[in-house]
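The residues making up each chain are set out below.
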Amino acid sequence: MTDATQLHADQIAYWNGPGGAHWVAQQAHTDTQLAPVTEALLAAAAPARGQRVLDIGCGCGTTTLHVADAVGAEGHVTGLDVSGPMLGWARQRGGERENLAWVLADAAAHAFPPGGFDLLMSRFGVMFFGNPPAAFANLRAGLRPGGRLVFACWRPFEENTWMRVPLHAAYQHIPRLPKPGPEDPGPFAFADPERVTRILTGAGWSAPSFTPVDVMLDIAAGGGLDLAVEQATHIGAASRALREAPEETRPAAIAAIREALVPYRDGMSVRLPGAIWIVSATNG
Ligand SMILES: C[S@@+](CC[C@H](N)C(=O)[O-])C[C@H]1O[C@@H](n2cnc3c(N)ncnc32)[C@H](O)[C@@H]1O
């Protein structure tokens, strides 16, 4: 197996294992936390009535359901994801809606109907491919000429206070995670516009535009400090570091996360800055 193939396989295993389980368990909380991101993404993607839309890496289906409302009965949305548990939950949430399909597949390899979509979109679902140029070439084949790709991805880790504060607090007690390589998949893999431009144009897309959006993320989702700590220890960089840390070091790390979040408490909310790109490109 090449490095890229192995990294890709590792991601698929992760999203079908601990990653998927946490995202299903935390779905309602995460969606409340990410509401400002969803709003910015939907405003930029602007799915219109009658359009055929693909939601890449749709996870538990929240953005897919929003798009289903926007395109209406004369349109259609496909939520595609490689995670069985997450897509299973999305399917249940979608119920009997007729303008909606769920596909359990690898976006990098799935044979899309050629030109079958008007719009490809994603909330944080496109940064996990082992070979991104090949994946984005495969996705482009599913989009009609002139159709658009619009996705949200994180700007650099240092700008994402909501991830940095808990992780640095935890690092007082647990070992540091190895730094990912510049081409490795992961949440911050698309932080650098130059890299994303190289990937997309190499896959035949137009030069993308990058709109920075600053958001305040309530990591407590209105549920108070304890819930914020729980969320920080289940999703994001600190959760990964904790998972790999020796058991006996975790309580001190969690206590440090709690202390570091206290200054951000505002009633039942715990709001920290987040930084995303909204990336748009066209097929041809
Ligand atoms: C950070 S989660 C975001 C999920 C969802 N879009 C959301 O915002 O709630 C990343 C998603 O990308 C999916 N994913 C990762 N690699 C994928 C691939 N090769 N093909 C399809 N989905 C993939 C994961 O299973 C996961 O659901």
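Residues numbered from 1 in each chain as written. Predicted model: local features only at pLDDT ≥ 70, side-chain atom pairs only at ≥ 80, totals over all residues.

### Section: the packing of helix 8 (residues 161-170) against helix 12 (residues 250-261)
It is the contact of helix 8 with helix 12, at a shortest axis distance of 8 Å, that shows an interaxial angle of 140°. Comparing the axis directions of helix 8 and helix 12 gives the class oblique. Note that helix 8 runs across helix 12; the crossing there is right-handed. Residues Val 165, Pro 166, Ala 169 and Ala 170 of helix 8 form the contact with helix 12, whose own contacting residues are Ala 253, Ala 256, Ile 257, Glu 259, Ala 260 and Leu 261. By residue class, the composition of the contact of helix 8 with helix 12 is nine nonpolar, no polar and one charged. (Axes fitted to C-alpha atoms, helices over the stretch in contact; angles between N-to-C directions. Helix = DSSP H or I, 4+ residues; strand = E, 2+ residues; numbered from the N terminus. Parallel < 35°, antiparallel > 145°, perpendicular 65-115°, else oblique. Left-handed = near helix turned anticlockwise from the far one by under 90°. Contact = placed C-beta atoms within 7 Å. Nonpolar A, V, L, I, M, F, W, Y, C, P; charged D, E, K, R; others polar.)

### Let's talk about the site of the ligand
Taken together, the neighbourhood of the ligand is formed by 20 residues, with Trp 15, Gly 57, Gly 59, Ser 83 and Arg 123 sitting nearest. Looking at the shell around the ligand, the elements with two or more residues in it are helix 1 (3-16) and strand 2 (76-81). Looking at the shell around the ligand residue by residue, the classes come out as 11 nonpolar, six polar and three charged. (Near = placed C-beta within 6 Å.)

### Brief notes about the pairing of strand 2
Note on strand geometry: in a regular strand, side chains alternate between the two faces of the sheet. In terms of residue burial, strand 2 counts as a mostly covered element, since six of its six residues are buried. Both faces of strand 2 are covered, namely the face carrying His 76, Thr 78 and Leu 80 and the face carrying Val 77, Gly 79 and Asp 81. Summarising the sheet, strand 1 (residues 52-56) and strand 2 pair through five bridges and their orientation is parallel. Of the residues in strand 2, the one forming a bridge with Val 53 is Val 77. Considered for its hand, the β-α-β crossover made up of strand 1, helix 5 (residues 62-71) and strand 2 is right-handed. Pairing analysis gives five bridges linking strand 2 to strand 3 (residues 100-104), with the strands arranged parallel. Bridged to Asp 81 within strand 3 is Leu 104. Handedness of the crossover joining strand 2 and strand 3 through helix 6 (residues 84-94) is recorded here as right-handed. (Buried ≥ 20, exposed ≤ 12 C-beta atoms within 10 Å, placed from the backbone. Pairing = 2+ DSSP bridges. Right-handed = clockwise from strand over helix to strand, strands pointing away.)

### Overview of the nonpolar core
Formed by 80 residues in total, the largest nonpolar core has its most connected members in Leu 120, Cys 153, Ala 170 and Ile 257. For this core, the element with the most residues is strand 5 (residues 143-154), which contributes seven residues. Those residues within four positions of Ala 170 in sequence are excluded, and the remaining contacts are Ala 238, Ala 241, Leu 242, Ala 253, Ala 256 and Ile 257. (Core = buried A, V, L, I, M, F, W, Y, C linked by C-beta atoms within 7 Å.)

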